[in-house]
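# Chain and residue survey
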Amino acid sequence: MAHGSGYFKTTYEADMALVDTRLRRLTLAALVVLLAALPRVASPFSLELVTQTALAAVGALALNVLTGLAGQISLGHAGFLCAGAFTVGILVESVKAPPLVTLPAAALVGALLGTLVGVPSLRLKGLYLALGTLAMHFVVLYAASEYQARWGFNTGVSVPAPTIAGIRFRSGLQWYYVLVAFAALTTLLSVNLTRSRVGRAWMAIRDREIAAASLGIAVARYKLLAFVASSVVTALAGAVWAYYRSFVSVEAFSFFVTIEFIAMIVIGGMGSTLGALLGASFVTLLPYGIDAVVGALAPGGAAPYWLFPLKFGAFGLLMALFLLFEPLGLVGIWRRARTWIVLWPLRYAPLRSAR
Amino acid sequence: MQAVAGVVVLASLYVLLGVGYVLVYRASRVLNLAQGDLMMVGGYALFAAVTTVSASPLIAVPLALAVGAAAGVVVYALLMRPMAGHPVFAAVLVTVSLGILLRVAVVLVYTDQARYPLPAMDLGNPPVRLPGGAAVSTLDALTVISAAALLAGLLAFLRLSRLGIRMRAAAERPLLAAQRGIDFHALFALSWALASFAGALAGVLYASNVRLDPSLGILGLKAFAVALVGGLDSLGGLVAGALIVATVEVLTIRHVNPLLSDVSPFLCLLAMLLVRPWGLWGTREELERV
Amino acid sequence: MSLLDVRTIEVVYHRAATAVQGITLQVPAGRIVTLLGPNGAGKTTTLRAISGFLDADDARVTDGDVIFDGEAVTGWLPHRLVRRGLVLVPEREKIFETLTVMENLQACRRGGDLDAIFTYFPQLAGRRRQLAGYLSGGERQMLALGGALLCQPRLLLVDELSLGLAPIVVRTLMEAVRRLRDELGLTILLVEQNAAAALEIADHGYVIENGRIVHEGAAADLLAHEDVREFYLGGARSRAGRTYRDVKQYRRRRRWFA
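Everything in this summary refers to the structure shown in the same document.

With that settled, consider the overall build of chain B. Counting its secondary structure elements, chain B contains 13 helices and two strands. For 290 residues, the compact-globule formula gives about 19 Å, and the C-alpha radius of gyration of chain B, at 19 Å, lands near that figure. Overall, the C-alpha framework of chain B stretches about 55 × 45 × 35 Å when taken along its three principal axes. Relative to its 290 residues, chain B shows a buried fraction of 59%. Taking all contacts inside chain B whose residues are at least 6 apart in sequence as the whole, residues at least 24 apart take part in 74%. A total of about 10700 Å² of accessible surface is found on chain B, and carbon and sulfur atoms cover 69% of it. Distance between charge centroids for chain B: 8 Å, based on 18 positive and 13 negative side chains.

Take a look at the structure:
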């Protein structure tokens, strides 16, 4: 039910339903059919793009829960990913641990790290917290590079394809299904968190901590919970990333990765699940889009040296433009369009009359 | 003795960079994550001036510094002013984008090879003997001197001059300042110009002393740890913060592990956040404000 | 010819919500005019629209004009308005807390006489070197007025002079405002919730509700007006204790006819 439409939900069933209008049900069904049918029609390359987008979406959703919902700014997202990936790398390398061991272990490491970073958040706010998480990022990266240097994996640790229940995950198609399912589950989790007591508590804390506390919300507990929930999912994403790429190296988790994830939720729209998904797709596909454009303009020949800085620059420029001109992100554009349609032919909602 | 000299030199570099963080933070509560990249731009401006305008440092250095200060004004007018009224974090992200764009611009023009402006100016960098047996390079000594001069000048300006008082007033409450007829946009632009000037000064000195390449911006990230340890809104705290962080860094290089030394500013930062999150001389209320 | 002439302005927040609509008011030179109304009526929005402070809240004047001294100043930047002599004393955040009292006054100064401020507000004189953050509520208000006076205003806009202050302090401040008019010939637009105190010193008054002006008149007439007494001054002369229905009818009447 669109915002401002004047229609209200009248039963608890309607209020609990995940998808509430016929249009949304149709959209969702179409999306499921599309994702299921895609492997039959799409090229391996575009399948690979969707797979990457799905993985990015998991990370973006996790960051969105922490920053968008609970309002805790984190510049350490790449650190959490790195921790998850290296947990897998180290366990596989040293004891040949199976995925059923490494994945829970990665989640556990994520939870521990989340608690560690979350504790300062009880005292720190805003920028100060962001700086704390950034410091954590550098410390995790240092630990990982120390591991690499100490054990002689200077370029990185390789991770063989995992086997679960006798199935060896190695083909692009398999990974497509696994990661799309992973992203779908995370989306469901994120949607349900948003509309549950926990999500409401987070939003209350985000908007005004003192007011939230005076409403009886245990601020400290929910803040920690936000960090733990986000970092567990992120570390899992890192672990799956390690298997998917079959290679782990510190270089892959630079500060820039954090920026990319933040850009996803900024461009998509802070605090919105749909926004995180849109942003993840946008940021993941942007470099390939630029490749396609450049390829179409100058066919053939090796990629010019300025292609990489160009992609990098386009990303920075887009992020700045969104922050300056559309701070609510893609979702903001969509919502405005929706309000415009609902209100048409009026321009503004009329003045509230004297009751 | 050599170690002490090393600490002082490194601390001076951090002070030059940190001044930028503090000024911008006081003006707009924004942590300028592009400060390191502005420093790099200062270095490249020197290199550009030397190669295209004149090889004489008397012309090239002021030119580079002027470019640095102008860059600050442009950044404020183009990026920061429109961000007024948006959440602070969004403005911080804009500075991240700015850093990316600056780096890209430099790579597109100068590629990512290291450059050396000093030989291009036909100057040497002879060591200076200090009492006590230590020796530093001429540019090291210059770094220390300019950091001290800049800091003293800024402190006097903010305490004593009418413009400085207005700048502090505008930093505390921009809206009220406007209600009192103070054009706070002009003052904030001045803050950015001063910050970016300090960054360019650091860039000119570092580029001449060591080298110039697009990854110079990383130094800026370390310097923000310095600014926070001293207290983000305190110029005086900066000196203490810089000395602490530089000492820890030099000691880890000498006695522990060079890999760890790169992380040591962040360890100092974490320790400070746990004990006294507002920094040595910072205002406690700042924590509530952001 | 009024010094300030506000003509049917409409203000819209976030490109979506209308806050005030069709506000028209005049402030003649050398007079105190007061703008009364309950919380959320649009008093502060009107004041911000006049003084150019809507941008920060993502609001805009979408219709109408603000004429100051014969010149349309709608949408001007605040510091430019101040140079013309239109100065606002805001409701909150009205002093620089990290500066001393002297520095507060110096920051604002555009040529006015510092000592004159201390003669109007002798309480401040003893606290010159103190940080403004340590002042009491009344002293803050005095410092804010003093700072505004040093901008050499011709029209002073004062938002909620009495907010959160003890009655005795309110009386002192109101007295000071009256002296500013009588001795300096200042024109003052006073936004107040404390209608009784404001009407004491004002020459003229407007009552604003739900973004529209519902009453206006000379201060003495407003003080005597039945409805104003009922809703803003507390306690009617004739019939004590109106019912909910009376109030509802009153509101309906006002909506249709005011």
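So that's the structure; there's more coming.
What follows deals with the packing of aromatic side chains. In total, this model carries 14 aromatic pairs over all chains according to the counting rule given. Ring centres of Phe-47 of chain B and Tyr-110 of chain B lie 5.6 Å apart, and the angle between their planes is 75°; this geometry places the pair in the edge-to-face category. Separated by 63 residues along the polypeptide, Phe-47 of chain B in helix H2 (residues 35–53) and Tyr-110 of chain B in helix H4 (residues 88–110) bring together distant segments of the chain. Look at Tyr-110 of chain B and you get buried, because its relative accessible area is 18%. Counting every residue linked through ring pairs, the aromatic cluster contains Phe-138 of chain A together with Tyr-21, Phe-224 and Phe-266 of chain B. The ring of Trp-76 of chain C carries Arg-80 of chain C above its face, with NZ or CZ at 3.7 Å from the centroid.

Moving on to the sheet that holds strand S10 (residues 212–218) of chain C. Residues and elements named next belong to chain C. Within the open sheet, the six strands sit side by side as S6-S7-S8-S3-S9-S10. Their pairing is mixed. Each end of this open sheet is capped by a strand with a single partner; those strands are strand S6 (86–89) and S10. Going across the sheet, the axis of each strand differs from the next one's by a mean of 15°, ignoring polarity. By the bridge criterion, five bridges tie strand S3 (residues 32–36) to strand S8 (residues 187–192) in an arrangement that is parallel.

Over the atoms, a rolled probe matching the size of one water molecule traces out where space is still vacant. Evaluation of the coordinates by the stated rule reveals two cavities of 30 Å³ or more. By volume, the largest cavity is sized at about 60 Å³. Along the walls of the largest cavity sit Leu-23, Arg-26, Ala-27, Leu-158, Met-167, Arg-168, Ala-171 and Ser-191 of chain B, which together make up its complete lining. Counting only elements with at least two residues in the lining of the largest cavity, the list comes to helix H1 (2–28) and helix H7 (162–172) of chain B. Partitioning the lining of the largest cavity into residue classes produces five nonpolar, one polar and two charged. A volume near 30 Å³ is recorded for the second largest cavity. Lining the second largest cavity are Ala-178 and Gln-179 of chain B together with Ser-51, Phe-53, Pro-78, Leu-81, Val-82, Leu-86 and Leu-88 of chain C. Of all elements in the fold, only helix H8 (174–179) of chain B together with helix H2 (78–84) and S6 of chain C reach the threshold of two or more residues within the lining of the second largest cavity. Here the lining of the second largest cavity takes three residues from H2 of chain C, the largest share from any one element. Classifying every residue of the lining of the second largest cavity gives seven nonpolar, two polar and no charged.

Counting residues at the interface gives 37 residues for chain A, matched by 44 residues for chain B. Between chain A and chain B, a total of about 3600 Å² is buried, with carbon and sulfur atoms accounting for 82% of that surface. At the surface where chain A touches chain B, the tally comes to zero salt bridges. If you look at where chain A meets chain B, you find zero residue pairs in polar contact (both at pLDDT 80 or more). At the level of secondary structure, the elements contributing two or more residues to the side of chain A that touches chain B comprise helix H6 (126–150), helix H11 (255–268) and helix H13 (307–325) of chain A. Element by element, the count of residues in the side of chain A that touches chain B is highest for H6 of chain A, at twelve residues. When its residues are assigned to classes, the side of chain A that touches chain B shows 30 nonpolar, four polar and three charged.

In this structure, the second largest pocket occupies an estimated 1400 Å³ of space. If you go around the second largest pocket, you meet 44 residues; those closest to its centre are Ser-254 and Phe-255 of chain A together with Arg-103, Ser-215 and Ile-218 of chain B. Listing elements by their share of the lining of the second largest pocket, those giving two or more residues are H6, H11 and H13 of chain A together with H4, helix H10 (218–230) and helix H12 (258–275) of chain B. Here the residues of the lining of the second largest pocket sort into 26 nonpolar, ten polar and eight charged.

Attention now moves to the environment of Arg-168 of chain A. Residue and element names in this part refer to chain A. Mapped onto the elements of the fold, Arg-168 is located in strand S3 (residues 167–168). When its relative accessible area of 36% is taken as the criterion, Arg-168 is described as partly exposed. Excluding its chain neighbours within four sequence positions, the residues that come into contact with Arg-168 are Ala-161, Pro-162, Thr-163 and Gln-174.

To continue, consider the sheet that holds strand S5 (residues 71–72) of chain C. Residue and element names in this part refer to chain C. Reading across the sheet, the four strands line up as S2-S1-S4-S5 and stay open at both edges, with antiparallel pairing between neighbours. The outermost strands of the open sheet, each flanked by one partner alone, are strand S2 (17–28) and S5. Sheet topology note: the strand S1 (residues 2–13)/strand S4 (residues 59–68) ladder contains eight bridges and is antiparallel. Its bridge partner being in S4, Val-11 is matched across the sheet by Val-61.

Turning next to the interface of chain B and chain C. Each partner contributes residues to the interface: chain B has 19 residues there, and chain C has 26 residues. Where chain B abuts chain C, roughly 2100 Å² becomes buried across the two surfaces, and 56% of that area is made up of carbon and sulfur atoms. Taken as a group, Arg-173, Gln-179 and Arg-180 of chain B account for 34% of the area that chain B buries against chain C, more than any other trio of residues on that side. Summed over the shared surface of chain B and chain C, the number is three salt bridges.

Let us now look at the environment of Ser-2 of chain C. All names here are of chain C. Tracing the chain through its elements places Ser-2 in strand S1. A relative accessible area of 17% places Ser-2 in the buried class. Counting along the chain gives 221 residues from Ser-2 to Leu-223, while the straight-line C-alpha distance between them is 23 Å. When near neighbours in sequence (up to four residues on either side) are disregarded, Ser-2 contacts Gln-26, Val-27 and Pro-28.

This part covers the pairing of S6 of chain C. All names here are of chain C. Here S6 shows no split at all, with Leu-86 and Leu-88 on one side and Val-87 and Val-89 on the other all buried. Bridge count for S6 against strand S7 (residues 155–159) is four bridges, and the pairing is parallel. Paired with Leu-88 across the two strands is Leu-157, which belongs to S7.

Counting 239 residues, the largest nonpolar core has Phe-253 of chain A, Val-19, Phe-224 and Leu-269 of chain B together with Leu-4 of chain C as the members making the most contacts within it. Considering every element that reaches this core, the biggest residue donor is H1 of chain B, with 15 residues. Setting aside its immediate chain neighbours within four residues, Val-19 of chain B contacts Leu-150, Leu-151, Leu-154, Ala-198, Leu-235 and Leu-238 of chain B. The next biggest cluster of nonpolar side chains, apart from the first, holds 50 residues, and it includes Tyr-120, Leu-124, Leu-143 and Met-174 of chain C.

Glancing now at a nonpolar patch on the surface. Together, Tyr-305, Trp-306 and Leu-310 of chain A together with Leu-108 and Val-109 of chain B give the surface a local cluster of nonpolar side chains, amounting to about 470 Å² of exposed area. Its place among the elements puts Leu-108 of chain B in helix H4. Assessed through its relative accessible area of 33%, Leu-108 of chain B is described here as partly exposed.

Over its 24 residues, helix H3 (residues 57–80) of chain B runs 32 Å from end to end, which matches the ideal 34 Å to within 8%, given 1.5 Å per residue. Within H3 of chain B the residues assigned to the buried category are Ala-60, Ala-64, Leu-65, Gly-68, Ala-69, Ala-71, Gly-72, Val-75, Tyr-76, Leu-79 and Met-80 of chain B. Looking at the buried side of H3 of chain B, the elements it contacts are H13 of chain A together with H2, H4 and helix H9 (184–209) of chain B.

Conventions adopted
Residues numbered from 1 in each chain as written. Chains lettered and ligands numbered in written order. Predicted model: local features only at pLDDT ≥ 70, side-chain atom pairs only at ≥ 80, totals over all residues. Heavy atoms only, no water. Helix = DSSP H or I, 4+ residues; strand = E, 2+ residues; numbered from the N terminus. Rg over C-alpha atoms; globule rule 2.2 N^0.38 Å. Buried < 20%, exposed > 50% of the residue type's maximum accessible area, 1.4 Å probe, protein only. Contact = heavy atoms within 4.5 Å. Areas by Shrake-Rupley, 256 points an atom, 1.4 Å probe, with all protein chains shown as cover. Lys, Arg positive; Asp, Glu negative; His and termini not counted. Charge placed at Lys NZ, Arg CZ, Asp CG, Glu CD. Phe/Tyr/Trp six-rings, centres within 6.5 Å; stacked < 30°, edge-to-face > 60°. Lys NZ or Arg CZ within 6 Å of the ring centre and 35° of its normal. Pairing = 2+ DSSP bridges. Axes fitted to C-alpha atoms, helices over the stretch in contact; angles between N-to-C directions. 1 Å grid on protein atoms, 1.4 Å probe; cavity = no way out; pocket = protein on both sides within 12 Å on 5 of 7 lines; lining within 4 Å. Points joined across faces, edges and corners; volume = space filled by probe spheres on them. Nonpolar A, V, L, I, M, F, W, Y, C, P; charged D, E, K, R; others polar. Buried area = accessible area lost by both parts, 1.4 Å probe. Salt bridge = Lys/Arg side-chain N within 4 Å of Asp/Glu carboxyl O. Polar contact = N/O pair within 3.5 Å; in protein donor to acceptor, adjacent residues only side chain to side chain. Core = buried A, V, L, I, M, F, W, Y, C linked by side-chain atoms within 4.5 Å. Patch = residues over 30% accessible without salt bridge, like charges linked within 9 Å, V, L, I, M, F, W, Y side chains within 5 Å. Expected span 1.5 Å × (residues − 1).

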